[in-house]
Amino acid sequence: MRIGLALAGIALGALAQGQSTLEVEGRKVTLGPPTAVAVGVKDVNWAPSGKALMYDAVDADGYYQGFYRTTDEKAKSVMRIPQGAEFQHWKWLPNRLAVIEVLKREIPDKGTVRWTAHLLDAQRFTARELRSWEYPKDSKVTSELEVSPTRDHAILTFHDEKGVHPFVLLYGGAELVPSADVAAAHAAGASFAGWSVEGTAYYSDVPNLKLDGATVQVDGRAQGAVQFIIQAQAVGEDARAIHLTGSLMLVAANKRAPDAGTPVLELMPWNAGLRQVRSKGPNIETAPTPAVQAESQPAQVLAAERKGRAGSLWMVPALDEFKRVSGSLLIAAEAEKSWFDPRQSFVAYETAGALFVRRIMSEH
């Protein structure tokens, strides 16, 4: 199989020799040769740094996950996914080349559902179970995963009939521990309020709002958002107003830490305890503006006396739709999906289930 992938990579490299030129922001852009990574690939997710990607793939034995490191062009599968398992959460840590992932699957012989949290490490090519939980099959359980934008630290929170159960991935990403302080804060009416400018988590009391005399209940359980559930009784038919019968749910934007100076509880990432502080302000993430994008085009393929059509993949400038696009670069003669890393230093693409990666280079 590796020989087949290598030959496919060489063939694709040869097909790319006739590619056009591309200039972006005054720089000439070129592509390195394709590197074969894996077969049976279904999805790809890049690390924030672009130093590795995680791929989901299927082979004769079922579903599995693996990593490819761009630093040394090595790839390896790291975890076999049990049959029937459902993905609940997964997120890259911001600095360490590792992913925290939460799965759940039914255990028929025991009549339970087992939840597991794993740490998949792209640097070591390992997968380690951090913790597991089992609930009766008919239990109503939900979960949330919040990952710090700047620290290798996260919060995994379960909600069940008995209450809220928070677990903290301690700074460094090595251990997932329960937090009695965060559980007590939830019981007292506080909830996760966002990440600070230093990458620590803030908790604060859930506020009550007023809307024309009706109380608005704020539910802090929504992952990455706050749900405002408005409840009001129907009024008389002669009332000159909009009638609310039952409840209306409005979902606000992603949680943002309170402004600087606001009293909050800060989660200490090294021991999962809380302390009273004044907010240092929210962490503001700005998404990078893409300089290039992929574009599929039909292509004519010639082989000896035969010819056919294929979907070629090209790199073009990521310009406004009203601007003229000039220049293009052939990524692959035939490809179905593509994924740029966040910094657009690499492009991964899939051809007939095989995953390839090419480096993006630019020079004046």
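In this text the structure is predicted, and so the values were computed from the model without any measurement.

Rules used in this analysis
Along each chain, the written sequence defines residue order, and numbers are assigned to residues from 1. Restriction of local features to residues with pLDDT of at least 70 applies here, the model being predicted, together with a cutoff of 80 or more for giving and counting side-chain atom pairs; totals for whole chains, interfaces and linings are based on all residues. Only heavy atoms go into the side-chain values, all of them from the structure, while hydrogens and water stay out. Numbering of helices and strands runs from the N terminus, with a helix taken as a DSSP run of H or I at least four residues long and a strand as a DSSP run of E at least two residues long. The classification of residues rests on relative accessible area computed with a 1.4 Å probe and restricted to protein chains. Under 20% of the type maximum is buried, over 50% is exposed, and intermediate values are partly exposed. Note on contacts: a residue pair is in contact if any heavy atoms of the two residues lie within 4.5 Å. When DSSP finds at least two bridges between two strands, those strands are taken to pair. Salt bridges, as used here, are contacts in which a Lys or Arg side-chain nitrogen is within 4 Å of a carboxyl oxygen on Asp or Glu. Axis lines are fitted to C-alpha atoms, over the contacting stretch for helices. Their N-to-C directions set the angle, which ranges from 0 to 180 degrees. Relevant arc is that of directions from the helix axis to the C-beta atoms, nothing else.

Caption draft 1: Examining the overall build of the protein more closely. In terms of helices and strands, the protein carries 2 helices and 29 strands. Taking all 364 residues of the protein together, the buried fraction comes to 44%. Contacts spanning at least 24 positions in sequence make up 46% of the contacts within the protein whose residues lie at least 6 apart.

Caption draft 2: Representation of the pairing of strand 4 (residues 41-46). With 5 bridges connecting them, strand 4 and strand 5 (residues 52-59) associate as antiparallel partners. Within strand 5, the position partnered with Val44 by the bridge is Tyr55. Hairpin connection from strand 4 to strand 5: 5 residues lie between these consecutive antiparallel strands, with Gly50 at a positive phi of about 75°.

Caption draft 3: Examining the side chain of Thr35 more closely. Examined against the element boundaries, Thr35 turns out to sit in strand 3 (residues 35-38). In this structure Thr35 touches Tyr68, Glu73, Leu355, Phe356 and Val357, once residues within four positions along its chain are discounted.

Caption draft 4: Up close: the pattern of salt bridges. Counted by the stated rule, this structure contains 10 salt bridges. The partner of Asp121 in a salt bridge is Arg96, and the shortest N-O contact between them spans 2.9 Å. With Asp121 in strand 10 (residues 112-121) and Arg96 in the loop between strand 8 (86-92) and strand 9 (98-107), this pair connects stretches of sequence that are 25 residues apart. On the basis of relative accessibility, which here comes to 3%, the residue Asp121 falls in the buried class. A residue is classified by how much of its surface remains accessible, and Arg96, at 21% relative accessible area, is partly exposed. The partner of Lys137 in a salt bridge is Glu106, and the shortest N-O contact between them spans 3.1 Å. Placement of the pair is Lys137 in the loop between strand 11 (126-136) and strand 12 (142-147) and Glu106 in strand 9, with a sequence separation of 31 residues. Look at Lys137 and you get exposed, because its relative accessible area is 51%. In this structure, a network of salt bridges that share partners links the residues Arg96, Asp121 and Arg124.

Caption draft 5: Representation of the sheet that holds strand 16 (residues 190-195). Strand order in the open sheet formed by 4 strands is 16-17-22-23, and the pairing between neighbours is antiparallel. Looking at the sheet topology across the chains shown, the edges are occupied by strand 16 and strand 23 (274-278). Averaged over all pairs of adjacent strands, the angle between their axes in this sheet comes to 40°, without regard to strand direction. Two elements, strand 16 and strand 17 (residues 201-205), share 5 bridges in a ladder whose sense is antiparallel. Its bridge partner being in strand 17, Trp195 is matched across the sheet by Ala201.

Caption draft 6: How the structure looks around the sheet that holds strand 4. Across the sheet, 4 strands lie side by side as 4-5-6-7; this open sheet has antiparallel pairing. Both outer strands of the open sheet, strand 4 and strand 7 (74-80), are each paired with one neighbouring strand and no more. If you compare each strand with its neighbour and ignore which way they point, the axes differ by 25° on average.

Caption draft 7: Quick look at the pairing of strand 5. Within strand 5, 6 of the 8 residues are buried, which leaves the element mostly enclosed by the surrounding structure. Relative to strand 6 (residues 62-69), strand 5 runs antiparallel, the two sharing 8 bridges. Looking at the pairing, Ala52 lines up with Arg69 of strand 6. Taking the residues between adjacent antiparallel strands as the criterion, strand 5 and strand 6 are bridged by 2 residues.

Caption draft 8: Representation of helix 2 (residues 180-187) within the structure. Inspection of helix 2 places Val182, Ala185 and His186 among the buried residues, and these make up the whole buried set. With its buried residues spanning 100° around the axis, helix 2 presents them on a single face. Those residues of helix 2 that are exposed and angled more than 90 degrees off the buried face are Ala180 and Ala187. At its buried positions, helix 2 is contacted by strand 13 (154-160), strand 14 (163-169), strand 16, strand 17, strand 22 (263-267) and strand 23. Of the residues trailing helix 2, Gly189 is marked for its positive phi of about 105°.

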